Number of protein chains: 2
Amino acid sequence: MKAVVLLSGGLDSATALAIAKRDGREVYPLTIIYGQRHHAEVDAAMRVAESMDESTHVVNVPALGELAHSALTADIDVPKDRSVHEMSAGVPVTYVPARNTVLLGLALACAESIGAREIWTGFNVLDASGYPDCRPAFVRAFEALANVATAPGLPWFVNAPLIALSKAEIITLGCSLGVDYSLTHSCYDPVAVDPALAPSTYRDRRWEACGHCDACQLRQKGFVESGVPDPTRYA
Amino acid sequence: MKAVVLLSGGLDSATALAIAKRDGREVYPLTIIYGQRHHAEVDAAMRVAESMDESTHVVNVPALGELAHSALTADIDVPKDRSVHEMSAGVPVTYVPARNTVLLGLALACAESIGAREIWTGFNVLDASGYPDCRPAFVRAFEALANVATAPGLPWFVNAPLIALSKAEIITLGCSLGVDYSLTHSCYDPVAVDPALAPSTYRDRRWEACGHCDACQLRQKGFVESGVPDPTRYA
């Protein structure tokens, strides 16, 4: 069974891809450049796919970065060193308006065009600190939309197998499936190593994580709680 | 009240924009380049907006044209001289998978970023010859999605004021609002006039309609039935 898998290059989507492969899906990884301030995620997505003997289809949506106002796409400071309590209070500035709606829309276009009826994502609500478009209600609403938005066929299935897991549980599961988390990237505000010398291929391009943004903190906490050594390079 | 208006440059969206202005909305026209085979629609959208003392925000989604397999984005023949009966039998090859989901998703990103809670479209189901993502059920499903996909706030309103009107009714309504239909473009397969000499600005760029695709035929029928002279230049 064919499945389009949204692959951002983060820890969650890498694990979702591994689960889809474990479950026998013929996977079509899809990586979407939407105006992120840096290329680290896309580099990671390409490395992660390659490590699982796949290649990810990278496509470009400059419109999203241009229209959606967010600390991930515009020149707004990424918050640092927030407590988990602060993270869970309201929608953070790193929320990109309607991002997951657009990403799922493109996954739907891809899936319908190749004859798939499944879209897999790494959406996760527990550690997602206030992102409205990572919740189960969002996933179900998109599935309902897909069923009326497309040509008649089998029902759509939008799968978010990690949605109710903690980061530690995701890491434990991914390790059991052989995910190499050293290839993944979570940081919102990474530093390019030797930017002047940065090679043009993703294989050699290196990034260091800031260690202080929400994504870094949740990732670090996940490795600590899972007991798995954190392979992340911090600046 | 702010409203993002999806403006394709066709007859329907031009009319929707005029209605939004009549209804006192502070309009934000949005034109999306998604890999159409020609630029005629975007040229028309810019001219239409200008004729209503607005300017349309043009953004680019190359991902959609790359992922979605359709006669409007790929090298597939556009069907010609089909009867209305043939047009209404099934989903046509000019259907672009998930196009309206992606376009509404981007309108949602824009609207949430500027503090609007309304999105207006020219979707029309009567003459839409089998496009699943022009139906009322699609509009309502997207509205339900928007309400869970975004930061908490007022309910979203996705307005499709033309959805149940015939092309003739749309033209009659638009004429009463002063819409200049000579500026709009409907043809799926237009011919550039003097392509070698084509100027770079939309004001002077001229296109002729084929007169035989589904869009041309429905448009011609609409003008005939409304009794309004058809201002379209045919090849």
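Everything discussed here concerns the structure shown above.
Worth saying up front: this structure is predicted, and the values here are computed from it rather than measured. (Residues numbered from 1 in each chain as written. Chains lettered and ligands numbered in written order. Predicted model: local features only at pLDDT ≥ 70, side-chain atom pairs only at ≥ 80, totals over all residues.)

Asks: Would you mind showing me how to read the interface of chain A and chain B here?
Replies: How big an interface is tends to be stated in terms of accessible area lost as the parts join. Each partner contributes to the interface: chain A provides 38 residues, whereas chain B provides 38 residues. Here the side of chain A that touches chain B takes 10 residues from helix α5 (residues 99-114) of chain A, the largest share from any one element. Classifying every residue of the side of chain A that touches chain B gives 27 nonpolar, seven polar and four charged. (Contact = placed C-beta atoms within 7 Å. Helix = DSSP H or I, 4+ residues; strand = E, 2+ residues; numbered from the N terminus. Nonpolar A, V, L, I, M, F, W, Y, C, P; charged D, E, K, R; others polar.)

Asks: Honestly, the pairing of strand β2 (residues 26-33) of chain B in this entry has me stumped. Any pointers?
Replies: The side chains of a regular strand alternate between both faces of the sheet. Residue and element names in this part refer to chain B. Counting buried residues in β2 gives six out of eight residues, a clear majority hidden from the surface. Note: strand β1 (residues 2-6) against β2, five bridges, orientation parallel. Within β2, the position partnered with A3 by the bridge is V27. Taken together, β1, helix α1 (residues 11-22) and β2 form a β-α-β motif whose crossover is right-handed. Strand direction decides the pairing type here: β2 and strand β3 (residues 57-60), joined by four bridges, are parallel. Across the sheet, residue I33 finds its bridge partner in β3, namely N60. Crossover β2 to β3 through helix α2 (residues 40-51) is right-handed. (Buried ≥ 20, exposed ≤ 12 C-beta atoms within 10 Å, placed from the backbone. Pairing = 2+ DSSP bridges. Right-handed = clockwise from strand over helix to strand, strands pointing away.)

Asks: Could you clarify how one ought to interpret the relation of the copies chain A and chain B in this entry?
Replies: Two chain copies here: they are related by a rotation about an axis and a translation along the same axis. You can overlay chain A on chain B at an RMSD of 0.0 Å; the transform is a turn of 180 degrees with a shift of 0.0 Å along its axis. What the superposition gives is, in effect, a two-fold axis relating one chain to the other. Relative to the rotation axis, the closest C-alpha in chain A is found at V61 of chain A, a distance of 2.3 Å. (Least-squares fit on C-alpha atoms with pLDDT ≥ 70 in both.)

Asks: Can you help me understand the nonpolar core in this one?
Replies: Most often, soluble globular proteins have nonpolar side chains that are buried together. In this structure, V5, L106 and A107 of chain A together with V5, L106 and A107 of chain B are the most contacted members of the largest nonpolar core, which totals 150 residues. Look past the residues within four positions of V5 of chain A in its chain and what remains in contact with it is A16, L17, A20, V27, Y28, P29, L30 and W120 of chain A. (Core = buried A, V, L, I, M, F, W, Y, C linked by C-beta atoms within 7 Å.)

Asks: It is not clear to me how α1 of chain B should be interpreted in this structure. Could you clarify?
Replies: Owing to its 3.6 residues per turn, the α-helix brings residues three or four apart onto one side. All names here are of chain B. Between its first and last C-alpha atoms α1 spans 17 Å; for 12 residues at 1.5 Å apiece the expected length is 16 Å, and the two agree. The buried fraction of α1 is high, at 10 of 12 residues. Considered for burial, the residues of α1 that qualify are L11, D12, S13, A14, T15, A16, L17, A18, I19 and A20. Among the structural elements, β1, β2, α2, β4 (118-120), α7 (167-176) and α8 (214-226) are those in contact with the buried residues of α1. Looking one or two residues beyond α1, the residue adopting positive phi is G24, at roughly 80 degrees. (Expected span 1.5 Å × (residues − 1).)

Asks: Teacher, can you tell me more about the packing of α7 of chain B against α8 of chain B here?
Replies: Describing two packed helices takes the angle between their axes plus the distance from one axis to the other. Residue and element names in this part refer to chain B. It is the contact of α7 with α8, at a shortest axis distance of 7 Å, that shows an interaxial angle of 65 degrees. For the element pair α7 and α8, the recorded crossing hand is right-handed. Contacts between α7 and α8 pair K167, A168, I170, I171 and T172 from the former with L218, R219, K221, G222, F223, E225 and S226 from the latter. Of the residues belonging to the contact of α7 with α8, the class tally is five nonpolar, three polar and four charged. (Axes fitted to C-alpha atoms, helices over the stretch in contact; angles between N-to-C directions. Left-handed = near helix turned anticlockwise from the far one by under 90°.)

Asks: Just checking my understanding: could you explain the environment of G130 of chain B for this structure?
Replies: Residues and elements named next belong to chain B. You can see G130 is positioned in the loop between β4 and α6 (136-149). A residue is classified by how many C-beta atoms lie within 10 Å of it, and G130, with 17 of them, is partly exposed. On a C-alpha basis, the gap between G130 and T94 in space is 10.0 Å, while along the polypeptide they are 36 residues apart.

Asks: I'm lost on the packing of α1 of chain B against α7 of chain B in this one. Help?
Replies: Residues and elements named next belong to chain B. Packing of α1 against α7 brings their axes to within 10 Å, and their N-to-C directions diverge by 40 degrees. Taken together, the axes of α1 and α7 are oblique relative to one another. The two elements α1 and α7 meet at a crossing, and its hand is left-handed. Taking contact as the criterion, the partners of L11, D12, A14, T15 and A18 in α1 are, on α7, I170, L173 and G174. Partitioned by chemical class, the residues of the contact of α1 with α7 number five nonpolar, two polar and one charged. (Parallel < 35°, antiparallel > 145°, perpendicular 65-115°, else oblique.)

Asks: Would you take a moment to explain the sheet that holds β4 of chain B for this structure?
Replies: Within a beta sheet, neighbouring strands are joined by backbone hydrogen bonds and run either parallel or antiparallel to one another. Residues and elements named next belong to chain B. Pairing is parallel across the open sheet formed by five strands, whose spatial order is β3-β2-β1-β4-β5. The open sheet has two free edges, formed respectively by β3 and β5 (157-159), since each of these has just one partner strand. Across the sheet, the mean angle separating the axes of adjacent strands is 25 degrees when strand polarity is ignored. Packed onto the sheet, α1 meets β1, β2 and β4 and runs at close to 170 degrees relative to β1.

Asks: In this structure, what is going on with the environment of D230 of chain B? I would like to understand it.
Replies: Residue and element names in this part refer to chain B. Considering the arrangement of structural elements, one finds D230 in the segment after α8. Along the chain, D230 and L177 lie 53 residues apart, while their C-alpha atoms are 17 Å from each other. With near-sequence residues (within four places) excluded, D230 lies in contact with Q220 and F223.

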